[in-house]
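# Summary of structural features
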Amino acid sequence: MSSSRSVRKLEVVSPVPADIDIANSVEPFHISEIAKDLNLSPNHYDLYGKYKAKVLLSVLDELESSDNGYYVVVGGITPTPLGEGKSTTTVGLCQALGAYLDRKVVTCLRQPSQGPTFGIKGGAAGGGYSQVIPMDEFNLHLTGDIHAITAANNLLAAAIDTRIFHESTQSDKALFNRLCPPNKEGKRKFSDIMFRRLKKLAITKTQPEDLTPEEVKKFARLDIDPNSITWRRVMDVNDRFLRKITVGQGPEEKGMVRETGFDISVASEIMAVLALTTSLADMRERLGKMVIGNSKAGEPITADDLGVGGALTVLMKDAINPTLMQTLEGTPVLVHAGPFANIAHGNSSIVADKIALKLVGPQGFVVTEAGFGADIGAEKFMNIKCRYSDLRPQCAVIVATIRALKMHGGGPEVVAGKPLDHAYLNENVPLVEAGCVNLARHIINTKSYGVNVVVAVNKFSTDTEAEMNAVMNAAMAAGAFNAVICTHHAHGGKGAVDLGVAVQRACASGNQQLKYLYPLDISIKEKIEAIAKSYGASGVEYTEQAEKQIEMYTEQGFSGLPICMAKTQYSFSHNAAEKGAPSGFILPIRDVRASIGAGFIYPLVGTMSTMPGLPTRPCFYEIDLDTATGKVIGLS
């Protein structure tokens, strides 16, 4: 048993109370206690109240020569709309490792969007007795990172439309004179950021007055093609009525009307940049490289071309630091970034993982979660995140539920907000066995990366011993290192001790060597086809629009980037209704887009909504404040 002062023994109650009631029943340790357990001194972090702190990147520099701990990623089988408990399992595993198995451990999680919190899914702090606390702070504003992303994203959006407006009303000379105004002495000079554009244009002159009229035009006139603009405004609310809007209808902007729309903030490329950046300098470069559209001549236009890359970095300077929190049992958590798992790569940040791996040391564990099923989150973790981080996981956990496996075996549709069919509440071993084809493909795919796979069966009260044995047998037959029953939702870390032991053994076996699914130097299409094959597809078909975009990105020099497939999470295929392990289908690529700053190309498989809508009865019906105690109630 750990002697750490920050380990808390839970008094579990049956039946399991509501998540928010469990979270409110525990008084968190002051965050400085959690920091002390990680050997962080007060100059390594900034306090945000009593229970949150921002860990500074200077910790990485100080610990550069220290050895890393073991690195574990948690993915899942193809989920039902109810979710299968990946976050809960991630937290429960860490509570087991830290509070019961006496290991140094850090949990690395994404920050949840307020869209799902107030919408249909609820929060993302885990559940039952495996949660991050304070749960209300985790699910709401936290330390303001998503608000910083929103502000930066919308500053860039404003800069785009403003630049088109000013270019449409001014001559080259007038535009140049306003971009480089004379100072008090009457001398003009380029601001630092302008030298980035000059370099891109291969203009080596350093004084504005030395530019020829042709160079003045090239420098000052971005000539953005409004039809090519991919940058949209964002907000962290599910608001379906903002999916498509018209801007420029004010009397002062006559003739400037164009169609655009809002995405949810976590779908912003700036969020993807935050998650994949490795340092402040790297973030500055990535933000500046973000492409917002093309000039009418087909040249990519970046945030630095608009002169705004530095300002975006200033807005993001605190957001780059991960937020330290704690689990119910007092083990440390780093919460950072929250990219969409469809449009982006759905993983928490590289910097949080890197800091955590140094802090836990060579015998410690860092457990990070990859969004959605392993075909999406874990694939992107391996092929995108690990490429940029140069980190190598030793173990991948795949979370499975009897409920989801029954669905994949042919069970009735599972719909959020509707009672489960009796097939999910009563024993049906053949249905479970039929659905294990989904689990098997996830195991085979994940093993192909050269890591050991441990299956965590997240046990519900209606699951029977025969059903669980069927899953464990199928997992081992498919090549899993181990398969374990977990009850962490009902029992906290104690219910995940067997999983903790299995993960320790998997990490210590020492025969892992990360292999990517594809090399970066093959064509965009070859990379897309390699991923499609892992889904079970026999081929890929591209629309004319997708062909055109692939050709353009190849010509612009972006074909060496990894691929981030935007696909439904509810099936290996593009069709959410196709359960189990479909094969032989043709994967349709509707469009191909690029997040150049973040560093990936994302093909759209079918239609992807980047702005969710609210259901008839959103979660906000339950959420309120107890005005006597000041405590949040009704968060799930």
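Values in this document were obtained by computation on a predicted structure and should not be read as measured data. Throughout, residues of each chain are indexed from 1 in the direction in which the sequence is written. Only residues with pLDDT of 70 or above have their local features reported here, since the model is predicted, and side-chain atom pairs are shown and tallied only from 80 upward, although totals for entire chains, interfaces and linings are computed over all residues. Calculated side-chain values reflect all of the structure's heavy atoms, with hydrogen atoms and water omitted.

## Comments concerning the overall build of the protein
The helix and strand inventory of the protein stands at 22 helices and 24 strands. Taking 2.2 N^0.38 as the reference for a compact globule, 636 residues should give roughly 26 Å; the C-alpha atoms of the protein span a radius of gyration of 25 Å, in line with that estimate. Taking all 636 residues of the protein together, the buried fraction comes to 57%. By the convention used here, residues are in contact when the closest approach between their heavy atoms is within 4.5 Å. Sequence-distant contacts in the protein: of pairs separated by 6 or more residues, those separated by 24 or more amount to 75%. Surface summary for the protein: the accessible area is close to 25,300 Å², and the carbon and sulfur share equals 53%. The charged-residue count follows a simple rule in which Lys and Arg add positive charge and Asp and Glu add negative charge, with His and chain termini not counted at all. To locate a charge, take NZ of a lysine, CZ of an arginine, CG of an aspartate or CD of a glutamate. With 64 positive and 67 negative side-chain charges, the protein shows a separation of 3 Å between the mean positions of the two kinds. Each helix is a run of DSSP H or I of at least 4 residues and each strand a run of E of at least 2, with the numbering of both proceeding from the N terminus. Atoms counted for the radius of gyration: C-alpha only. Globule rule: 2.2 Å times residue count to the power 0.38. Categorising residues by exposure relies on relative accessible area from a 1.4 Å probe, with only protein chains included: less than 20% of the type maximum marks a residue as buried, more than 50% marks it as exposed, and the intermediate range marks it as partly exposed. Here, Shrake-Rupley sampling with a 1.4 Å probe gives the accessible areas, and only protein chains in the shown set may cover a residue.

## Description of the packing of helix H17 (residues 429–447) against helix H18 (residues 465–477)
Helices that pack against each other are described as a pair by the angle of their axes relative to one another and the distance between those axes. Angles shown run from 0 to 180 degrees and are taken between the N-to-C directions of axes, each axis being a line fitted to C-alpha atoms and, for helices, limited to the stretch in contact. Following both chains from N to C, one finds H17 and H18 inclined at 30 degrees, their axes separated by 9 Å at the closest point. Our classification of the angle between H17 and H18 gives roughly parallel. Remark: the crossing between H17 and H18 carries right-handed chirality. Where H17 abuts H18, its residues Val429, Val432, Glu433, Cys436, Leu439 and Ile443 lie against Ala466, Glu467, Ala470, Val471, Ala474 and Ala475. Throughout, the ten residues Ala, Val, Leu, Ile, Met, Phe, Trp, Tyr, Cys and Pro are labelled nonpolar, Asp, Glu, Lys and Arg are labelled charged, and all others, Gly among them, are labelled polar. Considered class by class, the residues forming the contact of H17 with H18 number ten nonpolar, no polar and two charged. Note that the term roughly parallel is reserved for angles under 35 degrees, roughly antiparallel for angles over 145, roughly perpendicular for angles of 65 to 115, and oblique for everything else. Left-handed describes a crossing whose near helix is turned anticlockwise from the far helix by less than a right angle; the clockwise case is right-handed.

## Thoughts on the domain arrangement of the protein
It is common to give the size of an interface as the accessible area that goes away when the parts come together. An automatic or database domain assignment is the source of the domain bounds shown. With domains assigned, the protein is organised as domain 1 (19–143 + 318–509), domain 2 (146–302) and domain 3 (524–604). Using C-alpha coordinates to define each centre, domain 1 is positioned 27 Å away from domain 3. On the side of domain 3, 26 residues touch domain 1, which itself brings 24 residues to the contact. Approximately 2,000 Å² of surface area, both sides summed, lies buried where domain 1 meets domain 3, with 61% of it carried by carbon and sulfur atoms. It is Ile343, Asp375 and Arg441 that lose the most area in domain 1 upon contact with domain 3, and together they represent 29% of the buried surface on that side. Throughout this description, the term salt bridge denotes a Lys or Arg side-chain nitrogen within 4 Å of a carboxyl oxygen of Asp or Glu. Here Lys567 and Asp375 are joined by a salt bridge, their closest N and O atoms 2.8 Å apart. Whenever a nitrogen or oxygen atom comes within 3.5 Å of another N or O atom, the pair is scored as a polar contact, on the condition that within protein one atom can donate a hydrogen and the other can accept it, and that pairs from neighbouring residues in sequence are kept only if both atoms are in side chains. The interface formed by domain 1 and domain 3 contains nine residue pairs in polar contact (both at pLDDT 80 or more). Elements with a minimum of two residues in the side of domain 1 that touches domain 3: helix H15 (377–389), helix H16 (402–408) and H17. Counting residues per element, the side of domain 1 that touches domain 3 draws most heavily on H15, which supplies six residues. Looking at side-chain class alone, the side of domain 1 that touches domain 3 contains ten nonpolar, nine polar and five charged residues. When two parts are brought into contact, each loses some accessible area as probed by a 1.4 Å sphere; the total of that loss over both is the buried area.

## Topic: helix H12 (residues 280–289)
If you check which residues of H12 are buried, you get Met283, Arg284, Arg286, Leu287 and Gly288. Here the buried face of H12 lies against helix H9 (194–200), helix H11 (269–276), strand S12 (300–302), helix H13 (309–315) and H15.

## Things to note about the packing of aromatic side chains
Only Phe, Tyr and Trp rings are paired, with Trp represented by its six-membered ring, and only when their centres lie within 6.5 Å; those with planes under 30 degrees apart are stacked, over 60 edge-to-face, the remainder tilted. A full pass over the atoms with the stated rule returns nine aromatic pairs. Here the aromatic rings of Tyr71 and Phe381 are separated by 5.6 Å at their centres, their planes lie at 50 degrees, and the arrangement is tilted. Placement of Tyr71 in strand S3 (residues 70–76) and of Phe381 in helix H15 is noted, with a sequence separation of 310 residues between them. Side by side, Tyr71 and Phe381 carry an identical accessibility label, which is buried. Arranged with centres 6.5 Å apart and planes meeting at 50 degrees, the rings of Tyr553 and Phe558 form a pair that is tilted. In this structure, Tyr553 and Phe558 share a single accessibility class: buried. Each residue in the set Phe176, Phe190, Phe195 and Phe219 is aromatic and connected to the rest through ring pairs, giving one cluster. Here, a charge over a ring means that NZ of Lys or CZ of Arg falls within 6 Å of the ring centre while also lying within 35 degrees of the ring normal. Geometry around Phe29 places Arg8 over its ring, the cationic atom sitting 4.2 Å from the centre.

## Some words on the layout of surface pockets
Here a cavity is any set of points on a 1 Å grid over the protein atoms alone where a 1.4 Å probe fits but cannot get out, and a pocket is any open set with protein on both sides within 12 Å along at least 5 of 7 lines; a residue lines the site when it has an atom within 4 Å of a point. Grid points are joined across faces, edges and corners, and a volume is the space filled by probe spheres set on the points. Size it by volume and the second largest pocket reaches roughly 1,300 Å³. If you go around the second largest pocket, you meet 49 residues; those closest to its centre are Ile229, Thr230, Trp231, Arg232 and Arg593. Secondary structure elements with two or more residues in the lining of the second largest pocket: strand S9 (258–260), strand S10 (262–264), H11, strand S11 (291–294), helix H22 (544–555), strand S21 (591–595) and strand S22 (600–604). Here the residues of the lining of the second largest pocket sort into 20 nonpolar, 17 polar and twelve charged. Summarising the domain contributions, the lining of the second largest pocket has at least three residues from each of domain 2 (146–302) and domain 3 (524–604).

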